[in-house]
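The chain contents come next:
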Amino acid sequence: LTIIGILIGIGAIVALISISQGLQNAITEQFQNMGSNRIYVSPKGFTGPGSSTEGLTKKDVDVIKNIGEVDWVNSYIFISDEVEFSREKQFIQQIVAFPTEGLAKKYQDTGITIAQGRILANGEKKAALLGYRIAKDKFKKEIRINNRITIKGEKFTVVGILSEMGNSDDDNMVVIPEEDARILYEKPEQVDMIEVKLKEGVDIPFVSEKIKERLKRARNDENFQVNTPQQILEQIGSLLGIVQVILGGIAAISIVVGGIGISNSMYTNVLERTKEVGIMKSIGAKNSDIMMVFLVESGLIGFIGGITGAILGTITAELTGVIAKAQGFGLLKIMIDWKLLVFVVLFAAIIGMVAEVFPARQAAKLKTADSLRY
């Protein structure tokens, strides 16, 4: 039972820290794939697809296009609605609409690839690209190229299926031409987000400020926000840091409970072996010998619990990664740090020995005659 107490605490530390580290690695990798030369403009209060904000328009897109340091601009409209296929309706959280002009270059620059079919052609209408899981898993029947889906009563031909990206949002999205979305949802001017790719070698903070000034002058207001991937990553990193501290705290509590369990078990152990201590002393064992017996024993218990816990925590973390991938979160790549494993095993052994110090001292102080008479 003592070993189980240590095992659970160590397993919790390894699993929680590995999962939180995997989450941080996934987010960092996602932003690296975006590229450092990106700027994102959105209305104030916009937190992602599905958040209801207004503020940007097609005029803002034109203002940004005229800035010399800009390579290309992509405007986004985000919609949530039902999509029908083969007489089955499913609610899609993320229907994304953007201009088809220059889409091939934009996809190439962002690292998005097509698993089947092709991308939307310039000026193409009533066509759609599907995220990998929308096509494979969302409906009872798999959606294939040239199948038709219905959005708001209009038929759209599926011309391409995106490669699996490993995150739920992108793998469960439907992409349609901007002009179709504007007509269907009566949004003649609205833009939800603007992605800006800068030319190579330009100063990103300088261009970011330049975009702010141009938009402020053109709009005569500041109802927008301009962010770089680095800024977004720093914000998310601070949140992840808080999560890691909380998870580490939970794991530390488990270790403390395990340490108290060791101390309690070992104290009981000393009482049960009082006569054994007396016999050892009667044949010449010193107080230091008695202490060493109990300290080594408790260290071994901690060591065994630590190794078993490290194995259990590793299995739990890896299993979490497998489950996450099956649920569409393939970006969560669990990476087990061997330094963490060595640390927790040694930590468990030391905790075991520290928890045994008081009971071992009590055993060493027992008088030989009292021990034998016990």
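An account of the accompanying structure is given in this report.

Ile95, Leu130, Ile143, Ile149, Ile151, Val174 and Ile176 are the most contacted members of the largest nonpolar core, which totals 23 residues. Counting residues per element, the ones that place at least two in this core are strand S3 (70-85), strand S4 (88-98), strand S6 (127-130), helix H4 (132-138), strand S7 (148-151), strand S8 (154-162), strand S9 (173-177) and helix H6 (178-184). With 4 residues, the single largest contributor to this core is S3. Not counting the four nearest positions on each side in its chain, isoleucine 151 is found in contact with Glu82, Val83, Ile95, Phe156, Val174, Ile176, Leu184 and Tyr185. Core analysis: the next-biggest nonpolar cluster, separate from the first, contains 19 residues, Ile64, Ile67, Val191 and Ile204 among them.

A few words on the packing of helix H2 (residues 58-65) against helix H7 (residues 204-219). At their nearest, the axes of H2 and H7 sit 10 Å apart, and the two run at 135° to each other. Classified by the angle their axes make, H2 and H7 are oblique. As H2 packs across H7, the resulting crossing turns out to be right-handed. Between H2, through Lys59, Asp60, Val63 and Ile64, and H7, the contact on the second element is made entirely by Ile211, Arg214, Leu215, Ala218 and Arg219. Taken together, the residues of the contact of H2 with H7 break down into 5 nonpolar, no polar and 4 charged.

A few words on the side chain of arginine 38. Of note, arginine 38 is situated in strand S1 (residues 38-42). Reaching out from arginine 38, the side chain makes a polar contact with the side chain of glutamate 195 at a distance of 3.3 Å.

What follows covers the pattern of salt bridges. Scanning the model with the defined rule gives 15 salt bridges in all. Linking glutamate 154 and lysine 126 is a salt bridge whose minimum nitrogen-to-oxygen distance equals 3.2 Å. Highlighted residues: glutamate 154 in strand S8 and lysine 126 in the loop between strand S5 (114-117) and S6, separated in sequence by 28 residues. Judged by relative accessible area, which is 31%, glutamate 154 ranks as partly exposed. Accessibility expressed as a relative area gives 33% for lysine 126, which makes it partly exposed. The salt bridge involving arginine 144 is made with glutamate 142; its shortest N-O contact spans 3.9 Å.

A separate point is unusual backbone geometry. Located in the positive-phi region is serine 86, a residue other than glycine, with phi close to 55°. Within the element layout of this structure, serine 86 appears in the loop between S3 and S4. Relative accessible area serves as the criterion here: at 41%, serine 86 is assigned to the partly exposed category. We note that arginine 87 has phi near 65°; this positive angle belongs to a residue other than glycine. Among the secondary structure elements, arginine 87 is positioned in the loop between S3 and S4.

Moving on to helix H3 (residues 103-110). All buried positions along H3 are accounted for by Leu103, Lys106, Tyr107 and Thr110. One side of H3 carries all its buried residues, which in axial view fall inside an arc of 95°.

This paragraph deals with the pairing of S4. In this structure, S3 lies alongside S4, joined through 8 bridges in antiparallel fashion. Bridge pairing in S4 links glutamate 82 to phenylalanine 91. Hairpin connection from S3 to S4: 2 residues lie between these consecutive antiparallel strands, with serine 86 at a positive phi of about 55°. Pairing between S4 and S9: 5 bridges, direction parallel. Its bridge partner lying in S9, alanine 97 is registered against isoleucine 176.

Reading guide: rules and limits
Residues numbered from 1 in each chain as written. Predicted model: local features only at pLDDT ≥ 70, side-chain atom pairs only at ≥ 80, totals over all residues. Heavy atoms only, no water. Core = buried A, V, L, I, M, F, W, Y, C linked by side-chain atoms within 4.5 Å. Buried < 20%, exposed > 50% of the residue type's maximum accessible area, 1.4 Å probe, protein only. Helix = DSSP H or I, 4+ residues; strand = E, 2+ residues; numbered from the N terminus. Contact = heavy atoms within 4.5 Å. Axes fitted to C-alpha atoms, helices over the stretch in contact; angles between N-to-C directions. Parallel < 35°, antiparallel > 145°, perpendicular 65-115°, else oblique. Left-handed = near helix turned anticlockwise from the far one by under 90°. Nonpolar A, V, L, I, M, F, W, Y, C, P; charged D, E, K, R; others polar. Polar contact = N/O pair within 3.5 Å; in protein donor to acceptor, adjacent residues only side chain to side chain. Salt bridge = Lys/Arg side-chain N within 4 Å of Asp/Glu carboxyl O. Arc of directions from axis to C-beta. Pairing = 2+ DSSP bridges.

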